[in-house]
Amino acid sequence: MYPSIEKLKKFFKLEAERGYDNRAVLGGLECMLDTWESEARIDNLPEEIIQAVISRVRDYQRLSPNSREVVLKGIWQRIRQTVPTEEEPMPPQDETTTPQQDVTPVPEKQEKRDQVRVVTPAQTRQPPQTRIPIPQVKDMTEGLDAPISVLSGIGPRSANKLAQLGLNTLGDMLYFFPRRYDDYSQLKTINRLGYGEKVTVIGEIKEIASRPTRNGRLTLTEAIITDGSGVLRATWFNQPWLPKQLKPGQHIVLSGQIDQYLGRLVLTNPEWEPLDRENLHTNRIVPVYPLTAQITQKWLRSKMYEVISYWAERVPDHLSEHLCRDAELVDLSTALLNIHFPNTLDEIKAAQHRLAFDEIFMLQIGVLRQKHEWMSRSARIFTAPEDWLQDQINRLPFQLTPAQQHALADISSDLTSGYPMNRLLQGDVGSGKTVIAALALAIITRVGAQGAFMAPTSILAEQHYASLLNLLAGSQGTLANEEIRLLLGATPEAEKSQIRTGLENGDIKVVVGTHALLQEPVAFTDLQLAIIDEQHRFGVEQRAALRAKGDNPHLMVMTATPIPRSLALTIYGDLDLTIIDELPPSRQEVATYLLLPRERERAYTLIRKQVAEGRQAFIIYPLIEESGKSEVKAATEEYNRLKREVFLQLRIGLLHGRLKPEEKEAVMNRFRSGELQILVSTSVVEVGVDIPNATVMLIEGANRFGLAQLHQFRGRVGRGAEKSYCLLIPETENDADENERLQAMVETNDGFVLAERDLQQRGPGEFLGTRQAGFTNLRMANLTNVHLIEKARHFAQRVFQQDPDLTQPEHHLLAHVLDRFWVESTGEIS
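Within each chain, residue numbers correspond to sequence positions counted from 1 in written order. Residue-level local features of this predicted model are given only where pLDDT is at least 70; pairs of side-chain atoms are given and counted only at 80 or more, and the full residue set underlies all totals for whole chains, interfaces and linings. Note that the side-chain values use all heavy atoms of the structure and ignore hydrogens as well as water.

Colleague: Hey, could you go over the overall build of the protein for me, with residue numbers and the actual values?
Modeller: Helix numbering and strand numbering both begin at the N terminus, where a helix is a DSSP run of H or I of at least 4 residues and a strand a DSSP run of E of at least 2. The number of helices and strands found in the protein is 29 helices and 21 strands. Accessibility here uses a 1.4 Å probe with only protein chains present; expressed as a share of the type maximum, an area under 20% marks a residue as buried, one over 50% as exposed, and anything in between as partly exposed. Per-residue burial over the protein gives 53% buried out of 830 residues. Note on areas: these come from Shrake-Rupley sampling with a 1.4 Å probe, and a residue is covered only by the protein chains present in the view. Total accessible area on the protein is roughly 36,800 Å²; 48% of this is exposed by carbon and sulfur atoms.

Colleague: Outline the pairing of strand β4 (residues 231-237), listing residues and values.
Modeller: DSSP-based pairing: two strands are paired if at least 2 bridges between them are found. Here seven bridges tie strand β3 (residues 219-226) to β4, and the two strands are oriented antiparallel to one another. Residue pairing across strands places Ile225 opposite Leu232, the latter belonging to β4. With antiparallel pairing between neighbouring strands as the criterion, β3 and β4 make up a hairpin whose turn holds four residues, including Gly228 at a positive phi of roughly 95°. Summarising the sheet, β4 and strand β6 (residues 264-268) pair through three bridges and their orientation is parallel. For Thr235, the partnering residue across the bridge sits in β6 and is Thr268.

Colleague: Can you tell me about the sheet that holds strand β13 (residues 527-533), naming the residues and giving the values?
Modeller: The strand order across the open sheet built from seven strands is β11-β12-β10-β13-β14-β9-β15, with neighbouring strands paired in parallel fashion. Strands at the two margins of the open sheet, each flanked by one partner only, are β11 (484-487) and β15 (576-580). Along the sheet, successive strands turn relative to each other by an average axial angle of 20°, direction set aside. Pairing of β13 with strand β14 (residues 554-559), which is carried by five bridges, proceeds in the parallel orientation. Counterpart to Asp533 in the pairing with β14 is Met558. Contacts are assigned to residue pairs with any non-hydrogen atoms lying within 4.5 Å of each other. The angle between two axes is taken between their N-to-C directions and runs from 0 to 180 degrees, where each axis is a line fitted to C-alpha atoms and a helix contributes only its stretch in contact. Contacting β10 (450-454), β11 and β12 (510-513), helix α18 (residues 493-505) runs over the sheet at an angle of about 135° to β11.

Colleague: I'd love a proper account of the packing of helix α15 (residues 402-415) against helix α16 (residues 433-445), names of residues and values included.
Modeller: Two elements in contact, α15 and α16, have axes separated by 10 Å at closest approach and are oriented at 30°. With respect to α16, the element α15 is oriented roughly parallel. Crossing geometry of α15 relative to α16 is assigned as right-handed. Residues Gln404, Ala407, Leu408, Ile411, Ser412 and Leu415 of α15 form the contact with α16, whose participating residues are Val435, Ile436, Leu439, Ala440, Ile443 and Ile444. A per-class count over the contact of α15 with α16 returns ten nonpolar, two polar and no charged. Each angle receives one of four descriptions, namely roughly parallel if under 35 degrees, roughly antiparallel if over 145, roughly perpendicular if within 65 to 115, and oblique otherwise. By definition, any crossing whose near helix is turned counterclockwise from its far helix by less than a right angle is left-handed, and any crossing with a clockwise turn is right-handed. All amino acids are sorted into three groups, where Ala, Val, Leu, Ile, Met, Phe, Trp, Tyr, Cys and Pro are nonpolar, Asp, Glu, Lys and Arg are charged, and the leftover types, Gly among them, are polar.

Colleague: Describe the sheet that holds strand β20 (residues 694-700), naming the residues involved and giving the relevant values.
Modeller: The six strands are arranged β16-β21-β20-β17-β19-β18 in an open sheet whose pairing can be described as parallel. Edge positions in the sheet fall to β16 (591-594) and β18 (652-655), since each has one partner strand and no second. When the angles between neighbouring strand axes are averaged without regard to direction, this sheet yields 15°. Strands in contact with helix α21 (residues 600-612) are β17 (616-620), β19 (678-681), β20 and β21 (725-729); relative to β20, the strand with the most contacts, it is inclined by about 160°. On the sheet, helix α24 (residues 707-714) packs against β16, β17, β20 and β21 and is oriented at approximately 150° with respect to β20.

Colleague: Describe the nonpolar core, and please don't skip the residues or the numbers.
Modeller: Counting residues in each nonpolar core, the largest one holds 58 residues, and the members touching the most others are Leu319, Leu323, Phe357, Ile360, Phe361 and Val511. Here the element with the most residues in this core is helix α13 (residues 345-375); it accounts for ten residues. The contacts of Val511, once residues within four sequence positions are left out, are Gly451, Ala452, Phe453, Arg485, Leu487, Ile499, Leu503, Leu517 and Phe524. Buried Ala, Val, Leu, Ile, Met, Phe, Trp, Tyr and Cys residues that are joined via side-chain atoms within 4.5 Å together make up what is termed a nonpolar core. By size, the runner-up hydrophobic cluster in this structure holds 43 residues, among which are Ile411, Ile444, Leu471 and Ile531.

Colleague: With reference to specific residues and values, describe the side chain of Asp533.
Modeller: In this fold, Asp533 is placed in strand β13. The sign given to each residue is positive for Lys and Arg and negative for Asp and Glu; His and the chain ends receive no count. Counted as salt bridges are all cases of a side-chain nitrogen of Lys or Arg within 4 Å of a carboxyl oxygen of Asp or Glu. The buried charged residue Asp533 lacks any salt bridge partner; its closest oppositely charged side chain belongs to Lys433, at an N-O distance of 5.8 Å. Polar contact is the term for a pair of N or O atoms within 3.5 Å; when the atoms are in protein, one must be able to donate a hydrogen and the other to accept it, and sequence-neighboring residues count only if both atoms are side-chain atoms. At 2.6 Å, the side chain of Asp533 forms a polar contact with the side chain of His464.

Colleague: Account for the pairing of β18, with residues named and values stated.
Modeller: Residues Ile652 and Leu654 line one face of β18 and the alternating positions Gly653 and Leu655 line the opposite face, and both faces are buried. With four bridges connecting them, β18 and β19 associate as parallel partners. Bridge pairing links Gly653 to Leu679 in β19. The handedness of the β18 to β19 crossover, carried by helix α23 (residues 661-673), is right-handed. A right-handed crossover is one whose linking path, passing over the helix from the first strand to the second, runs clockwise when the strands point away from the viewer.

Colleague: Any details on the pattern of salt bridges? Residues and values, ideally.
Modeller: Taken as a whole and assessed by the stated rule, the structure comprises 28 salt bridges. For Glu601, the salt bridge identified is with Arg608, shortest N-O distance 3.0 Å. On the basis of relative accessible area, Arg608 is assigned to the partly exposed category, the value being 31%. Here the salt bridges share partners, and the residues they tie into one network are Arg211, Glu222 and Arg233.

Colleague: Can you explain the packing of helix α14 (residues 386-395) against α16? Please cite residues and give values.
Modeller: The angle between the axes and the distance between the axes are what describe a pair of packed helices. Relative orientation of the contacting elements α14 and α16 amounts to 140°, with a least axis distance of 11 Å. One element, α14, and the other, α16, form an angle in the oblique class. Between α14 and α16 lies a crossing of right-handed hand. Only Leu439, Ala442 and Ile443 of α16 make contact with α14, whose side of the interface consists of Trp388, Leu389, Gln392 and Ile393.

Colleague: Residue-level account of helix α17 (residues 458-472), with values.
Modeller: Here the expected length of a helix is defined as 1.5 Å per residue gap, with one fewer gap than residues. The terminal C-alpha atoms of α17 lie 20 Å apart, and with 15 residues this matches the ideal 21 Å at 1.5 Å per residue to within 8%. Among all positions in α17, only Ser458, Ile459, Leu460, Ala461, Gln463, His464, Leu468, Leu471 and Leu472 are buried.

Colleague: Break down α23 for me, citing the residues and quoting the values.
Modeller: Between the first and last C-alpha of α23 there are 18 Å, a value that for 13 residues agrees with the 18 Å anticipated at 1.5 Å per step. The complete set of buried residues in α23 reads Lys664, Val667, Met668 and Phe671. Buried residues along α23 cover an arc of 95° about the axis, so they all sit on one side. For α23, the elements touching its buried residues are α17, β17, β18 and β19. Among the residues trailing α23, Gly674 stands out with phi positive, at a value near 95°. This arc is built from the directions going out from the helix axis to the C-beta atoms.

Colleague: Just give me the short version of the environment of Leu355, but keep the residues and values in it.
Modeller: Looking at where Leu355 falls in the secondary structure, it is placed in helix α13. Taking the C-alpha atoms as reference points, Leu355 and Ala335, separated by 20 residues in sequence, lie 7.0 Å from one another. If we skip the residues at most four places from it in the chain, Leu355 touches Tyr175, Phe177, Leu332, Ala335, Leu336, Ile339 and Met780.

Colleague: Please set out unusual backbone geometry residue by residue, giving values where relevant.
Modeller: A positive phi is found at Tyr20, a non-glycine position, where the angle reads about 55°. Inspection of the secondary structure puts Tyr20 in the loop between α1 (3-17) and α2 (33-42). In this structure, Asn269 takes a positive phi of about 50° despite not being glycine. With respect to the helices, strands and loops of the structure, Asn269 is situated in the loop between β6 and β7 (271-274).

Colleague: Any details on the packing of aromatic side chains? Residues and values, ideally.
Modeller: Pairing of aromatic rings covers Phe, Tyr and Trp, the last through its six-membered ring, and needs centres within 6.5 Å; plane angles under 30 degrees mean stacked, over 60 mean edge-to-face, and all others mean tilted. This model, assessed by the stated rule, comprises nine aromatic pairs. Here the aromatic rings of Phe357 and Phe795 are separated by 6.3 Å at their centres, their planes lie at 65°, and the arrangement is edge-to-face. Note that Phe357 is positioned in helix α13 and Phe795 in helix α28 (residues 786-802), a separation of 438 residues in sequence. The exposure classification of Phe357 matches that of Phe795, with both residues buried. A centroid spacing of 5.4 Å and a plane angle of 80° characterise the contact between Tyr604 and Phe647, whose relative ring orientation is edge-to-face. With Tyr604 in helix α21 and Phe647 in the loop between α22 (635-646) and β18, this pair connects stretches of sequence that are 43 residues apart. When its relative accessible area of 4% is taken as the criterion, Tyr604 is described as buried. Take Phe647: its relative accessible area is 2%, and that puts it in the buried class.

Colleague: Describe the side chain of Thr682, listing the residues and the values that go with them.
Modeller: Inspection of the secondary structure puts Thr682 in the loop between β19 and β20. What makes Thr682 buried here is its relative accessible area of 7%. Each residue touching Thr682, except ones within four places of it in the same chain, is listed here: Ile620, Tyr621, Leu623, Ile624, Ala635, Leu655, His656 and Gly657.

Colleague: I'd love a proper account of the confidence of the model for the protein, names of residues and values included.
Modeller: On average, residues of the protein score 81 in pLDDT, and 86% of them are at 70 or above. Predicted confidence is poor over residues 770-774, with pLDDT under 50, and the contacts of this stretch with residues over four places away or in other chains come to 19 contacts. On a range of 0 to 100, pLDDT expresses the predictor's confidence in each residue.

Here it is, written out as structure tokens:
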């Protein structure tokens, strides 16, 4: 049988089974004509058949059910006489099922899963009544990978538009979630309507007409609607075709928000449907999807319904029945159906919870797999005699805090475990992480092994190099000065060659550097400890490249950016976590103030006073140079203005990322020595600058920075014995939300509190850096939801303990979905 005839037969048969209610196709049988006509001509059907089908189906909606039966049987009889079909005649009406009954068979597996749903929503929804033509596929995955062009009414042009929304396949549509919902489920009579309400109204059209507006730029369509209790005016802009679709005497359903015009209540641009159609856009909780140009909400919602109503119930669940039961989750089919077309708000919440759980669960399984793979390796054991280690601690110019002692114990345990250390050392600004790193290096170099210390900037690398020389070398140290070297991109080539030779023959025990450490031909004779500072500045590949220069070396990554608990449990779940959560007694809190732009002179006065007392100050700007499109103050322009107009008698320097390395070093040396009294800079001083004499940190355009970054800036002062200040000046005093956010800096010096607020307000991007950028693409999960994360982590650990390789039959589909999730979401294979 020709495909076009086969399709027509399915539509006609479904109409018969439904009692000829004109709902075999969403929108009515005539909606399939355009697509069917093209297919019929491809099949070379006789023109008389094509025209007969078109002419009779086009008038189908106006007929009574009895007349519709006569028309369809007449068409089919004519087709059988003209085109060989080898098919049985259409069933008579008395053999049909009752209208509203879904006759599409449900797969046996689906029926079985339906019986074990934990949260079973009240089945007030009518079963899906529209079945779209879906290509024959070998399995479910192949079907969901089918292009959206298989849907009726989506040609190349529409497909290109939908691709801009990330919709390329049917599977993409299943997981293209609404951005919000409009609840039109509460019907009201016109006389009970109130201004500002979102309502659904059923009424009869009394009048409808279009006219141009006064300026002639718009077309206004107005309709008068009545329901017996009152009269309501509905208006639409730039929809002049509506009077051809809506006629006086027609009953329709309208949904929208009640506005007011000249003292009368009006509905402006409401959604509408004929009363005899299924209420997909009105009289229900309506999903609202993200859009792009030339794609309307109503059209996209209809296409989404076609896909969801067919495929949601057919998607196999990758979570086992007992896991869903124990975790109190709805099954995947229910979640996908209810996230798009819910009947109640409770259904939405249950669906969101299940789909968010899935995403966090996949993340947890993935990081557990990474950790398992790492722990399956063996590593060299390094022990430190207790008296020797105590001697090293006693040599320090200060006492370790209890938090530092705990961190040292964790690292010593890792070095003696026989497995590679994979630890994140997290501590607030000035908490003393570098000292712990130095002691770890002392332990492994004591027996001749090598260590590498990598930092994201040359300034920070130079700072660490100076610290390690002070802590590890000298007359009382464990290493000679020449055994600790600094390797930067700007290091002279002759010196680079000397350092490479020393690393390769083992003469150099510790090398501090930037990305230059990753370059070839840098090679080590016995790299056993890799330390990475400000690790969120480096990607997975860069950390792997440094580890690859040794034989399963121990890895310690450090950050001064406090990481919220939810992220530590999720994104960094493959790392063991140690937190240094207290500051040395010598560190004091920095007094922080939020100033309005008009109060800038107060900040300048404080700087002059501090400099007069022999102190120094930082002034930070968000940009290097101003652009014509931005009013943000920029470092170079402000540096010149400050020298000419504000601090005429003071010595000012300029530091930014575009300076050559030797220029940066020269500026920092002048500031460090006290030759410069004020340093104007961009965010290049965020980390790694230790100037104990600096007591003022002035940050212009403070609203441009996250709280965690502002906290890093603040940590550049307060390193000496003198009282220090941090002054925040936003771009405008009129942005109440931004200024309230900045007020958090005034209220607390606790970096972890600020990190939690930053995560809630700005999302996880600032904390992730380049670790796994795809984690910011989670569709449903909120990385601030600690309760959900802990729940997903619990069940992920349970599954992983039972079946770490996911080889058991009940986990086969989970393994497939997991691999696909990690490739699509993070660009990695877990």
